[in-house]
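Understanding the architecture of this molecule
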Amino acid sequence: NVLIDGSSFVSTVAGTINRAAITLHSANGVRIGGVVTGTGLFTSTGVNFLNTASISASAITLTHTGLVTFSANLTAGAGAGAASITGAGVNQTDGVLKAGTLLLKGTGTFTLNKANLVGKLAADIHGPLSYTNNIDLVVGLIGSTSGISTHDAPLHLTLTNGNLLVNQAITTGTGAITFNVPNG
């Protein structure tokens, strides 16, 4: 197992980390500039990802009090595991998120508009959500979070491939809902 704690300084992780469980924590931000692989859980708090990073683990949990920004490929459980992102919004600038489930929580703008490969999505956020997926997507129940709620903010879901199945409620209050689903 690997624990990197940069609570009082900015840490940079470069190169390859290959361990069962990986935990990264920093009050000021841990920067990942290499390949991180693990057979267990990948957990981070206060982590920023560089363009060259690649994260692969059985499950991925990203938590930040600020905006979560990533341009890395993130793979949870070879694409069948769980991913969870909590923060003051998400900005996916590049990379692909591959997971069986994706749970989004927090307050801010959540923008994940790359060709993601997620099977099930649930979100309880206070802010706009713009999400793109490249395979069949189910809006469902993940843990105690049911469906998608944006609390009076817009929702834009795009599927570049596959079908959309809404198994749980989508609520946006006064926010507009836009679906771009070529296969229905």
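Everything quoted here is computed from the prediction, not taken from an experiment. (Residues numbered from 1 in each chain as written. Predicted model: local features only at pLDDT ≥ 70, side-chain atom pairs only at ≥ 80, totals over all residues. Heavy atoms only, no water.)

This part takes up the overall build of the chain. On a plain count of helices and strands, the chain comes out with 0 helices and 23 strands. The 184 residues of the chain split such that 47% are buried. Considering only residue pairs separated by 6 or more positions, the chain has 16% of its internal contacts joining residues 24 or more positions apart. A total accessible area of about 7700 Å² is found for the chain, and carbon and sulfur atoms account for 53% of it. (Helix = DSSP H or I, 4+ residues; strand = E, 2+ residues; numbered from the N terminus. Buried < 20%, exposed > 50% of the residue type's maximum accessible area, 1.4 Å probe, protein only. Contact = heavy atoms within 4.5 Å. Areas by Shrake-Rupley, 256 points an atom, 1.4 Å probe, with all protein chains shown as cover.)

By size, the foremost hydrophobic cluster in this structure holds 32 residues, and its most contacted members are Ile85, Leu102, Leu104, Leu112, Leu129, Tyr131 and Ile148. Discounting residues that sit within four places of it in the chain, Tyr131 has contacts with Leu102, Leu112, Asn113, Asn116, Val118, Leu121, Leu137, His156, Leu157 and Thr158. (Core = buried A, V, L, I, M, F, W, Y, C linked by side-chain atoms within 4.5 Å.)

Right, let's talk about the side chain of Ser84 for a bit. Within the secondary structure layout, Ser84 lies in strand 11 (residues 82–87). Once you skip the residues sitting within four places of it in the chain, Ser84 turns out to touch Ile60, Thr61, Leu62 and Leu103.

Time to look at unusual backbone geometry. Positive phi outside glycine occurs at His151, with the angle close to 50°. Structurally, the position occupied by His151 is in the loop between strand 19 (148–149) and strand 20 (155–159). With phi around 70°, Asp152 is a residue other than glycine that occupies positive phi space. By the element assignment, Asp152 lies in the loop between strand 19 and strand 20.

Take the pairing of strand 15 (residues 129–133) next. Strand 15 sits mainly inside the fold: 5 of its 5 residues count as buried. Neither face of strand 15 is open: one carries Leu129, Tyr131 and Asn133, the other Ser130 and Thr132, and all of them are buried. Where strand 14 (residues 110–126) meets strand 15, 4 bridges bridge the pair, whose relative direction is parallel. Bridge pairing in strand 15 places Leu112 opposite Tyr131. Pairing between strand 15 and strand 20: 5 bridges, direction parallel. (Pairing = 2+ DSSP bridges.)

Functional significance is not addressed by these values, which are geometric in nature.
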